[in-house]
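The chain contents come next:
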Amino acid sequence: MHASILAPSILAGDHANLAASAQIVESLGVSWIHLDIMDGHFVPNLTFGPQTVAALRKGSTLFFDTHLMLAEPQRYIEAFAKAGANLISIHIEPAYDHAATLKRIRELGCQNGIVLNPGTPAEAIEPFLDQVDLVLVMTVQPGFGGQPFRRDMLPKIAQIDAWRRERGLNFRLEVDGGIDLKTGPECRAVGVDTFVAGSSFYGAADKTTFTQTVAAW
Ligand code: DX5
Ligand code: ZN
């Protein structure tokens, strides 16, 4: 089993000072940060693009876990790779050549990830499990931070973890949405090793304790 990794989501940070929000993560000794990229089409919200990622890259050595919520992700992976993304994850739901895009992400020197929404069954991503570095299971409908955790996603997570073990695969299994110190351990119990936390992390009064708690899961 992989050691647990915390990936604080900068979506819940200060968007007038994203560099400072990334610095908070770095100063705690956390190595990952989760960057939510939204296009107003695939999800009903907008965030930021490659220019902002490149600007953050200049002042940070964090591992950029870049979650593309885009209707046409294949058009933008090169820009995000050049901007300094370390991992680029793409959703299964839109129609494009998923296998070719996952391959291209690796050719660009990044790790790749496949993401599925709450309404998408595990079977949709099953053909790609041997082609990915990470599977991201959304535990809320993507678009906004601060939504309640979807506990009904736990069986789906357990299924993906079972496939991972049965097939001797090594991808990381990540959850995103409503993760906090209560819901995180429920996910850990069914195989999750990578935890996105937006509002619970940036809202935590004691971020050192929060960080140490997740690291010990
Ligand atoms: C939601 C984003 C999440 C978001 C999670 O569309 O993909 O990464 O930041 O926020 P919390 O942790 O507040 O649910
Ligand atoms: Zn996300």
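Going by the structure above, here's the rest.
What comes next is a walk through the structure. Note that this is a predicted model, so its numbers are computed, not measured.

Turning our attention to the side chain of His 34. Mapped onto the fold, His 34 is located in strand β2 (residues 32-38). Accessibility expressed as a relative area gives 0% for His 34, which makes it buried. Of note is the side chain of His 34, whose polar atom sits 3.4 Å from the side chain of His 67. When neighbours within four sequence positions are excluded, His 34 is seen to be in contact with Ala 7, Pro 8, Ser 9, Ile 10, Asp 65, His 67, Leu 136, Glu 174, Asp 176 and Val 196.

Another aspect to go through is the site of ligand 1. Taken together, 20 residues lie around ligand 1, and Asp 36, Gly 143, Asp 176, Gly 198 and Ser 199 are the ones closest in. Within the side chain of His 67, one N or O atom sits 3.3 Å away from an oxygen atom of ligand 1. Note that an oxygen atom of ligand 1 is positioned 2.8 Å from one of the backbone N or O atoms of Gly 198. Compared with its free state, where it exposes 380 Å², ligand 1 has 99% of that area covered by protein. With respect to the detected pockets, ligand 1 is housed in the largest pocket. Within the residue set of the shell around ligand 1, elements represented by two or more residues are β2, β3 (63-69) and β8 (194-197). Top contributing element to the shell around ligand 1 by residue count: β2, with 3 residues.

What follows is about the pairing of β2. The buried fraction of β2 amounts to 7 of the 7 residues, a majority that puts the element mostly inside the structure. Burial along β2 is two-sided: the face carrying Trp 32, His 34, Asp 36 and Met 38 and the face carrying Ile 33, Leu 35 and Ile 37 are both buried. Pairing geometry for β2 and β3, over 7 bridges, is parallel. Looking across to β3, one finds that Ile 33 is bridged to Phe 64.

Attention now moves to helix α4 (residues 98-107). Given 3.6 residues per turn, any residue in an α-helix points the same way as the ones three and four places further on. Of the positions making up α4, those classed as buried are His 98, Thr 101, Leu 102 and Ile 105. Along α4, the residues classed as buried sweep out an arc of 100° about the axis, all on the same side. Contacts from the buried residues of α4 go to α3 (77-83), β4 (87-91) and β5 (111-116). Capping the start of α4, Asp 97 holds a side-chain oxygen 3.4 Å from the backbone nitrogen of Ala 99, two or three residues further along. Two residues or fewer after α4 comes Gly 109, characterised by a positive phi angle close to 90°.

Rules and cut-offs
- Residues numbered from 1 in each chain as written.
- Chains lettered and ligands numbered in written order.
- Predicted model: local features only at pLDDT ≥ 70, side-chain atom pairs only at ≥ 80, totals over all residues.
- Heavy atoms only, no water.
- Helix = DSSP H or I, 4+ residues; strand = E, 2+ residues; numbered from the N terminus.
- Buried < 20%, exposed > 50% of the residue type's maximum accessible area, 1.4 Å probe, protein only.
- Polar contact = N/O pair within 3.5 Å; in protein donor to acceptor, adjacent residues only side chain to side chain.
- Contact = heavy atoms within 4.5 Å.
- Near = heavy atom within 4 Å.
- Areas by Shrake-Rupley, 256 points an atom, 1.4 Å probe, with all protein chains shown as cover.
- 1 Å grid on protein atoms, 1.4 Å probe; cavity = no way out; pocket = protein on both sides within 12 Å on 5 of 7 lines; lining within 4 Å.
- Sits in = over half its atoms within 2 Å of the grid points.
- Pairing = 2+ DSSP bridges.
- Arc of directions from axis to C-beta.

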